[in-house]
Amino acid sequence: MTEPLPTTDLKQLSEDALSALQVLDTSDPGAVEKWRVEFLGRNGRLTTVLRGLGALPAEQRREAGAAANSLKEQLEQRLEEKRTQTLAAQAARAESLDISLPGRRMRRGRLHPSTQIIREICSAFNEMGFQTVEGPEVEWERYNFDLLNIPRDHPARDKWDTIWIEQPESRRPPDGQRILLRTHTSPMQGRVMERQQPPVRVIVPGKCYRFEATDATHEWQFHQVEGLVVDEGVTFADLKGTLYEFARRIFGANRRVRFRCDFFPFVEPGVDMSIDCFGCDGKGCRICKNSGWIEIMGAGMVHPKVLAAVGYDTARYTGFAFGMGPERIAMLRYGIEDIRHFFSNDLRFLSQF
Ligand code: FA5
């Protein structure tokens, strides 16, 4: 069987290369490189032909060699021409742009409504002399429960449906401490008091998590803002005065405030605080479920066991603490009906604030 003459190969190769070049998008460097590798590359079709020349008789070898080299030059030149044409076409298109057309409006981003209300709450307290501090969302049970007078296996733990983090046996600390996603911002009470002596006056915004079924007023992830004050001579009157002033700043000058007994293991006495409904001025409406009052936070005098657990002198120091849900406060203020909007990332909701 006779081998086809290399010149026949070259003719076919030239046709293939030129027709591929005709449809090649030379503004795409990847496509140009692919074309070059296929026809001119080290293992490309032209180089393969050139390599095969050695097997030919001398006079054919010379003739075929010259033809192959000339084809190589021709293909390189045609590629360059095509590139120049593409650039010229692009430049012409650019010149045809109407630069007097008005630009497209940039859409401005904005802060998430939770962030906005948290900042507002914190600055109300900052103006009253509170310092803002933050802490970890992944927490030891010691801070989330033990130091807050909620020992392991105490039924009070059920109040905070907890998301636990699995720890391999080998990495558990000797005291058996477990890790969780904090269920409230109160663990920062212990963390702050452990590292400083009174006077303490802090506000702690942060994210919390609970293993809860969600509904219009319950999310499994939400924020809280915690407050803690400890010093000599702090009384329940200070708690009431501070929170009353806060309510006036956030909800307006004419708001009335109500405190009722409530139970949290880390405060004694414990209360919940409500404001009179701004939707109906206390007369009763849909917002306040006809009660005239809206509950906005839990609070109380810091339990002496909590102060003692961090080594504070309970004969000398007293304090108060409180914790509120900023999403719930934003819902009340803006008439938002479902807390799940906050984390569903729907721009139709987010861009209203
Ligand atoms: C607490 O978490 C206490 N740590 C508050 C506290 C601090 C009391 C200091 C006394 C002293 P409670 O579970 O009630 O309490 O939550 C406080 C606020 O967090 C609620 O009033 C509510 O606004 C918000 N909150 C609680 N659970 C959810 C939830 N699932 N979704 C949205 N907000 C919630």
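Since the structure is predicted, the reported quantities are computational estimates derived from the model, not experimental observations. Each chain carries its own residue numbering, running from 1 in the written order of its sequence. In keeping with the predicted nature of the model, local features appear solely for residues at pLDDT of at least 70, side-chain atom pairs appear and are counted solely at 80 or more, and the whole-chain, interface and lining totals rest on all residues. To obtain the side-chain values, all non-hydrogen atoms of the structure were used and water was disregarded.

Burial here depends on accessible area, computed with a 1.4 Å probe over protein chains only, as a share of the maximum for the residue type. Under 20% is buried, over 50% is exposed, and the range in between is partly exposed. Going along the chain from the N terminus, every DSSP run of H or I of four or more residues is numbered as a helix, and every run of E of two or more is numbered as a strand. Where burial is concerned, most of strand β6 (residues 221–232) is hidden: 10 out of the 12 residues are buried. A pair of strands counts as paired when DSSP detects no fewer than two bridges linking them. Looking at chain direction, β6 and strand β10 (residues 317–324) are connected through 8 bridges and run antiparallel. Note on β10: the bridge partner recorded for E226 is G323.

Attention shifts here to the site of the ligand. The full set close to the ligand counts 23 residues, and H184, S186, R210, E219 and Q224 are the nearest of them. Polar contact is the term for a pair of N or O atoms within 3.5 Å; when the atoms are in protein, one must be able to donate a hydrogen and the other to accept it, and sequence-neighboring residues count only if both atoms are side-chain atoms. Between R210 and the ligand, the recorded distance is 3.0 Å, taken from a side-chain N or O atom to an oxygen atom. Here an oxygen atom of the ligand sits 3.2 Å away from a polar atom, N or O, in the main chain of G325. For the ligand, whose free accessible area comes to 660 Å², the fraction covered by protein is 93%. Contributing elements (two or more residues each) for the shell around the ligand: β6, β9 (293–302) and β10. Basically, the charged four are Asp, Glu, Lys and Arg, the nonpolar ten are Ala, Val, Leu, Ile, Met, Phe, Trp, Tyr, Cys and Pro, and anything else, Gly included, counts as polar. Of the residues contributing to the shell around the ligand, the split by class is 9 nonpolar, 9 polar and 5 charged. For this purpose, a residue is taken to be near a molecule or strand whenever a single non-hydrogen atom of the residue falls within 4 Å of it. Reported accessibility uses the Shrake-Rupley method at a 1.4 Å probe radius. Residues are deemed covered only where the shown protein chains occlude them.

A word on the pattern of salt bridges. Any Lys or Arg side-chain nitrogen found within 4 Å of a carboxyl oxygen on Asp or Glu counts as a salt bridge. Summed over all chains, the structure comprises 21 salt bridges. Here R249 makes a salt bridge to E245, at a shortest N to O gap of 2.9 Å. Highlighted residues: R249 and E245, both in helix α8 (residues 236–251), separated by 4 residues, approximately one helical turn. Note on R249: relative accessible area 35%, which makes it partly exposed. With a relative accessible area of 23%, E245 lands in the partly exposed category.

Right, let's talk about the packing of helix α5 (residues 113–127) against α8 for a bit. Geometrically, a packed helix pair is captured by the angle between its two axes and the distance between the axes. For helices, the fitted axis covers only the stretch in contact; all axes are lines through C-alpha atoms, and the angles between them, taken along N-to-C directions, range from 0 to 180 degrees. Between α5 and α8, whose axes approach to 10 Å, the crossing angle comes to 130 degrees. Taken together, the axis directions place α5 and α8 in an arrangement best described as oblique. For α5 against α8, the interelement crossing comes out right-handed. Counting all contacts with α5, which are made through E120, I121, A124, F125 and E127, the residues of α8 involved are T242, L243, F246, R249 and I250. Among the residues making up the contact of α5 with α8, the classes are represented as 6 nonpolar, 1 polar and 3 charged. Orientation categories follow fixed angle ranges, with anything under 35 degrees roughly parallel, anything over 145 roughly antiparallel, 65 to 115 roughly perpendicular, and all other angles oblique. Working rule for handedness: look at the near helix, and if it is turned counterclockwise from the far one by less than a right angle, call the crossing left-handed; if clockwise, right-handed. Residue contacts are counted whenever heavy atoms from the two residues lie within 4.5 Å of one another.

A word on α5. Along its 15 residues, α5 runs 21 Å from first to last C-alpha, staying within 8% of the 21 Å computed at 1.5 Å per residue. Those residues of α5 that fall on the buried side of the exposure criterion are P113, S114, I117, I118, I121, C122, A124 and F125. Projected down its long axis, α5 shows its buried positions confined to an angular sector of 160 degrees, all on one face. Of the exposed residues in α5, those oriented more than 90 degrees away from the buried face are R119 and E127. Where α5 terminates, the next one or two residues include G129, which has phi positive at roughly 95 degrees. The length a helix should cover is 1.5 Å for every residue beyond the first. Each direction from the helix axis to a C-beta atom contributes to the arc, which is the arc of those directions.

What follows concerns the domain arrangement of the protein chain. Domain ranges listed in this record stem from an automatic or a database domain assignment. Segmenting the protein chain into domains produces domain 1 (7–95) and domain 2 (113–350). Between the C-alpha centres of domain 1 and domain 2 there is a distance of 74 Å.

In terms of burial, β9 is largely enclosed, as 8 of its 10 residues are buried. Of the pairings in the sheet, the one linking β9 to β10 comprises 5 bridges and is antiparallel in character. Within β10, the position partnered with G300 by the bridge is A321.

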